[in-house]
Amino acid sequence: MTKGTTSFGERHNKSHTTCRRCGKVSYHIQKKECSSCNFPAAKMKRQNFSKAKRRRTEGTGRMRYMKTLTRKFKNGFREGTQAKKRVQN
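Note that the structure is predicted; figures quoted are calculated from it, not measured. (Residues numbered from 1 in each chain as written. Predicted model: local features only at pLDDT ≥ 70, side-chain atom pairs only at ≥ 80, totals over all residues. Heavy atoms only, no water.)

Digging into the packing of aromatic side chains
The tally for this structure, following the rule as stated, stands at 2 aromatic pairs. Both rings, one in Y27 and one in F39, keep their centres 6.1 Å apart while their planes meet at 55 degrees; by these two values the pair is tilted. Note that Y27 is positioned in strand β2 (residues 27-28) and F39 in the loop between β3 (33-34) and α2 (52-56), a separation of 12 residues in sequence. In terms of burial, Y27 and F39 fall into one category: buried. Their ring planes at 70 degrees and their centres at 6.2 Å tell us that F73 and F77 sit as a pair that is edge-to-face. In this structure F73 comes out as exposed when scored by relative accessible area, which is 61%. (Phe/Tyr/Trp six-rings, centres within 6.5 Å; stacked < 30°, edge-to-face > 60°. Helix = DSSP H or I, 4+ residues; strand = E, 2+ residues; numbered from the N terminus. Buried < 20%, exposed > 50% of the residue type's maximum accessible area, 1.4 Å probe, protein only.)

So this is what it looks like as structure tokens:
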């Protein structure tokens, strides 16, 4: 038996399928665990040596909360007040 081209024709069993959380083909069917995001664990998998860190970190999505935070911080997180009327000269 050779270990090259002829062996590759026999590979037709899939160990991984699409993950529900991250969408990658990294969900191991027998282990029932994603090798990319660690689904079904509550916390996302994160390693310090991978490029996936840059792909998944904050600032890569919509940042619905974070994008208004600098403005709110600048104004001292005030709420329920009305802006003062400006007098036109």
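Here's the deal with the layout of surface pockets
Roughly 190 Å³ of internal volume is contained in the largest pocket. Residue lining of the largest pocket: K24, S35, S36, M44, K45, R46, Q47, S50, A52, K53, R56 and T57, and that is the complete set. The residue inventory of the lining of the largest pocket, partitioned by class, reads 2 nonpolar, 5 polar and 5 charged. (1 Å grid on protein atoms, 1.4 Å probe; cavity = no way out; pocket = protein on both sides within 12 Å on 5 of 7 lines; lining within 4 Å. Points joined across faces, edges and corners; volume = space filled by probe spheres on them. Nonpolar A, V, L, I, M, F, W, Y, C, P; charged D, E, K, R; others polar.)

Notes on the side chain of S26
As for its placement among the helices and strands, S26 is situated in the loop between β1 (16-17) and β2. Here S26 is in contact with H16, T17, E33, C34, S35 and S36, once residues within four sequence places are set aside. (Contact = heavy atoms within 4.5 Å.)

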